[in-house]
Amino acid sequence: MIRAQAATPIAAGDLSRQIWNRLRVEAAATAAEEPMLAGFVNAGILRHDSFADALAHRIASKLADGQLDAVLLHDVVSEALRADPSIAESAAADMVAVDERDPACRSLLQPFFYFKGFQALQGYRIGHWLWTQGREAIAFHLQSRISELFAVDIHPAARIGKGIMIDHATSVVIGETAVVGDDVSILHEVTLGGTGSEEADRHPKIGKGVLIGAGAKILGNIAVGEYARIAAGSVVLQPVEARCTVAGVPAKPVGGACAEPSRTMDHSLPD
């Protein structure tokens, strides 16, 4: 599949509508290029009337299991998307984040159909809405299903912003009282965890624009300031100042300020 390099840049505003227009163009091109996938992209995208409709179909078809029928789950997901349109807008912002930051992404079809970080995050968004409605049993069921399918464990009570990229995603864990701001990039094997068995506020608070490298562990109710960078393999036990880079076990400041680390995906450290 050829990446749509000539596509008009996605501007602020109604992202879901802009994403939907581009998805449909790419889906039609794929169906023409690869007839074996024509039925798949038609069922997933082309037969739907909006991004929210297609997203509901995709989430339901992926997360359905022997205990939760796809049709019934589709009704639940559609209910959430109708009640809270910001869910679809956040999903569109997540898709833009993947498209802009991941050089392996050649079309929007990839995150929508295949990238498990994106799909796990959208499943979490439905589970979080259910959690806020007091429907904890089904929220926990979706959490478990997402963990089984994608090896990503996000508690439905966690609060996660928009424009998030979870790259590769395997073994990402985000705890119950964690907060993740907008435009954060998280790589595989990252843990936002607690440090004990207490039930109080016990998980990290990640600021806007933070880059968290592969295998990093951020533990406890600590703040990571905006546009900070957490080096791969670090264990963070103390607060991190804004625009600071930390590395090591335990992590310590090493300088290396970066204007927008989550967008540039720059993991390099100063000499």
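Residues numbered from 1 in each chain as written. Predicted model: local features only at pLDDT ≥ 70, side-chain atom pairs only at ≥ 80, totals over all residues. Heavy atoms only, no water.

**Some points on helix α5 (residues 86-101)**
Put simply, the test is: For helices the rule is a DSSP run of H or I covering at least 4 residues; for strands it is a run of E covering at least 2, with both sets numbered from the N terminus onward. A helix's residues, less one, multiplied by 1.5 Å, set its expected span. Each residue's exposure class comes from its accessible area (1.4 Å probe, protein chains only) as a fraction of the maximum for that residue type: buried when under 20%, exposed when over 50%, partly exposed otherwise.
Taking 1.5 Å as the rise per residue, α5 with 16 residues should run 22 Å; its terminal C-alpha atoms sit 22 Å apart, in good agreement. Taken across its 16 residues, α5 has 13 buried, putting it largely inside the fold.

**Here we look at the nonpolar core**
In plain terms, the rule: We call a set of buried residues a nonpolar core when its members are Ala, Val, Leu, Ile, Met, Phe, Trp, Tyr or Cys and they connect through side-chain atoms within 4.5 Å of each other. Whether two residues are in contact is decided by their heavy atoms, any of which lying within 4.5 Å being enough.
Leu23, Phe51 and Ile212 are the most contacted members of the largest nonpolar core, which totals 75 residues. Here this core gets 8 residues from one element, more than from any other, and that element is helix α7 (residues 116-132). Every residue in contact with isoleucine 212, bar those within four places of it in the chain, is listed here: Ser185, Ile186, Leu187, Val190, Leu192, Ile206, Ile218 and Ile230. Residues Met165, Leu187, Leu211 and Met265 belong to the second largest nonpolar core, which totals 7 residues.

**What to know about the pairing of strand β15 (residues 252-255)**
Where we set the bar: Between any two strands, pairing holds if DSSP finds at least two bridges.
Across 3 bridges, strand β14 (residues 245-247) lies against β15 in antiparallel orientation. By the bridge assignment, alanine 247 is partnered in β15 with lysine 252. The antiparallel pairing of β14 with β15 creates a hairpin that spans 4 residues between the two strands, and glycine 248 there sits at a positive phi of about 110 degrees.

**Section: the sheet that holds strand β1 (residues 152-154)**
Backbone hydrogen bonds are what pair the strands of a sheet, in a parallel or an antiparallel way. The strand order across the open sheet built from 5 strands is β1-β4-β7-β10-β13, with neighbouring strands paired in parallel fashion. The strands lining the two open edges of the sheet, one partner per strand, are β1 and β13 (235-236). Where strand β7 (residues 191-193) and strand β10 (residues 217-219) come together, 3 bridges link them in parallel fashion. Bridging across to β10, glycine 193 finds its partner in leucine 219.

**Quick notes on the packing of aromatic side chains**
Basically, it comes down to this: For Phe, Tyr and Trp, rings pair up if their centres lie within 6.5 Å, where Trp contributes its six-membered ring, and each pair is then called stacked (planes under 30 degrees apart), edge-to-face (over 60) or tilted (otherwise).
Under the definition given, this model contains 6 aromatic pairs. Between phenylalanine 112 and phenylalanine 113, the ring centres sit 5.3 Å apart and the planes meet at 75 degrees, which makes this aromatic pair edge-to-face. The exposure class of phenylalanine 113 is buried, given its relative accessible area of 2%. Among the aromatic side chains, those forming a connected cluster through ring pairs are Phe40, Phe51, Phe112, Phe113 and Tyr114.

**Some thoughts on the environment of glutamate 189**
Tracing the sequence through the fold places glutamate 189 in the loop between β6 (185-186) and β7. Judged by its relative accessible area of 40%, glutamate 189 is partly exposed. In this structure the C-alpha to C-alpha distance between glutamate 189 and valine 41, which are 148 residues apart in sequence, comes to 31 Å. Residue contacts for glutamate 189: discarding those within four places in its chain leaves Thr170, Ser171, Val172, Gly215, Ala216 and Lys217.

**Section: the sheet that holds β6**
The 6 strands are arranged β3-β6-β9-β12-β14-β15 in an open sheet whose pairing can be described as mixed. Each having just a single partner strand, β3 (165-166) and β15 make up the two edges of the open sheet. Taken together, the 2 bridges between strand β9 (residues 211-212) and strand β12 (residues 229-230) define a ladder with parallel strand orientation. Residue pairing for β12: isoleucine 212 is matched across the bridge by isoleucine 230.

**A look at the pattern of salt bridges**
What counts, and what does not: In the sections that follow, a salt bridge refers to a side-chain nitrogen of Lys or Arg positioned within 4 Å of a carboxyl oxygen of Asp or Glu.
The final tally for this structure, using the stated rule, is 14 salt bridges. In this structure, arginine 125 and aspartate 94 form a salt bridge, with 2.9 Å as the shortest nitrogen-oxygen distance. Within this pair, whereas arginine 125 is found in helix α7, its partner aspartate 94 is found in helix α5, the two being separated by 31 residues in sequence. Residue arginine 125 shares its accessibility class with aspartate 94, and that shared class is buried. Between glutamate 148 and arginine 145 there is a salt bridge, and its shortest N-O distance comes to 3.4 Å. Taken together, the residues span about one helical turn, with glutamate 148 and arginine 145 both in helix α8 (residues 136-150) at a distance of 3 residues.

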